[in-house]
Amino acid sequence: MSSMDLAIRFLLENVFMLYIYVVLLRFLLQLAKADFYNPLSQFVVKATNPLLKPLRQVIRPVKQQDIASLVLAVFLYGVMIALIALLVYQSQLSISQLAIWSLAGTLYAITGIYLVGIIVSAIMSWIPSAQGHPAAYLLHQLVEPPVAPIRKLMPDLGGIDLSPLAVLLILNVIRIFLKPFVPL
């Protein structure tokens, strides 16, 4: 692979993944019923509206969950893989292979968002001045849905919450199983 091919792949991967993460954040924030008046939420909404508004005309919510953002993330992941395969490797992929890689890659990205979110949230909980920050509040809202059920199952250890650690372990096991299906 030439330097130009590496540069093209690097640019495509990073530009697409950055936007895919923003789209997935919108989906996960909606799933967590996070505060959409938060300045960071407003950024996510404004960044994703241009592609999501027309898509919402076609894809309706399912059980009050707006899945258009999830569909958009899977589609964008597929476009990214197809472009990299075509431009860098000069090969075409089958639709079934592209679909599997897109779904697995999107799930892998979601687990990555939660991994980073839980770690950053734990670190921010140790910093007293970060407690009132809008980012800390939004991050807590984002990571609470996967952590709360585990917290209920964990024994009380006198003020030490190990549930984020347990969720991190579970997420890493999921990522291990997904990794063979993620091409990038």
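A quick note: this is a predicted structure, and the numbers were derived from the prediction, not measured. (Residues numbered from 1 in each chain as written. Predicted model: local features only at pLDDT ≥ 70, side-chain atom pairs only at ≥ 80, totals over all residues. Heavy atoms only, no water.)

Caption draft 1: The arrangement of the overall build of the protein chain in detail. Assigned secondary structure in the protein chain consists of six helices and zero strands. Taken over the C-alpha atoms alone, the protein chain extends approximately 60 × 35 × 30 Å along its principal axes. Counting across all 184 residues of the protein chain, residues that qualify as buried make up 40%. For the protein chain, contacts bridging at least 24 residues in sequence account for 68% of all contacts bridging at least 6. In the form shown here, the protein chain has an accessible surface area of approximately 11,000 Å², with 72% of it arising from carbon and sulfur atoms. (Helix = DSSP H or I, 4+ residues; strand = E, 2+ residues; numbered from the N terminus. Buried < 20%, exposed > 50% of the residue type's maximum accessible area, 1.4 Å probe, protein only. Contact = heavy atoms within 4.5 Å. Areas by Shrake-Rupley, 256 points an atom, 1.4 Å probe, with all protein chains shown as cover.)

Caption draft 2: Summary view of unusual backbone geometry. Phi is positive for lysine 33, which is not a glycine, with a value near 55°. As for its position among the elements, lysine 33 is in the loop between helix H1 (3-31) and helix H2 (39-58). The exposed category is assigned to lysine 33, whose relative accessible area is 65%.

Caption draft 3: Local environment of helix H3 (residues 68-87). Here H3 contains 20 residues, and its C-alpha end-to-end distance of 28 Å stays within 8% of the 28 Å for a straight helix at 1.5 Å per residue. When we look at burial in H3, the residues that qualify are Ala68, Ser69, Leu72, Ala73, Val74, Leu76, Tyr77, Gly78, Met80, Ile81, Ile84 and Ala85. Against H1, H2 and helix H4 (95-125) lie the buried residues of H3. (Expected span 1.5 Å × (residues − 1).)

Caption draft 4: Quick peek at the side chain of asparagine 49. Within the fold, asparagine 49 resides in helix H2. The exposure class assigned to asparagine 49 is buried, which follows from its relative accessible area of 18%.

Taken by themselves, the reported measurements are silent on function.
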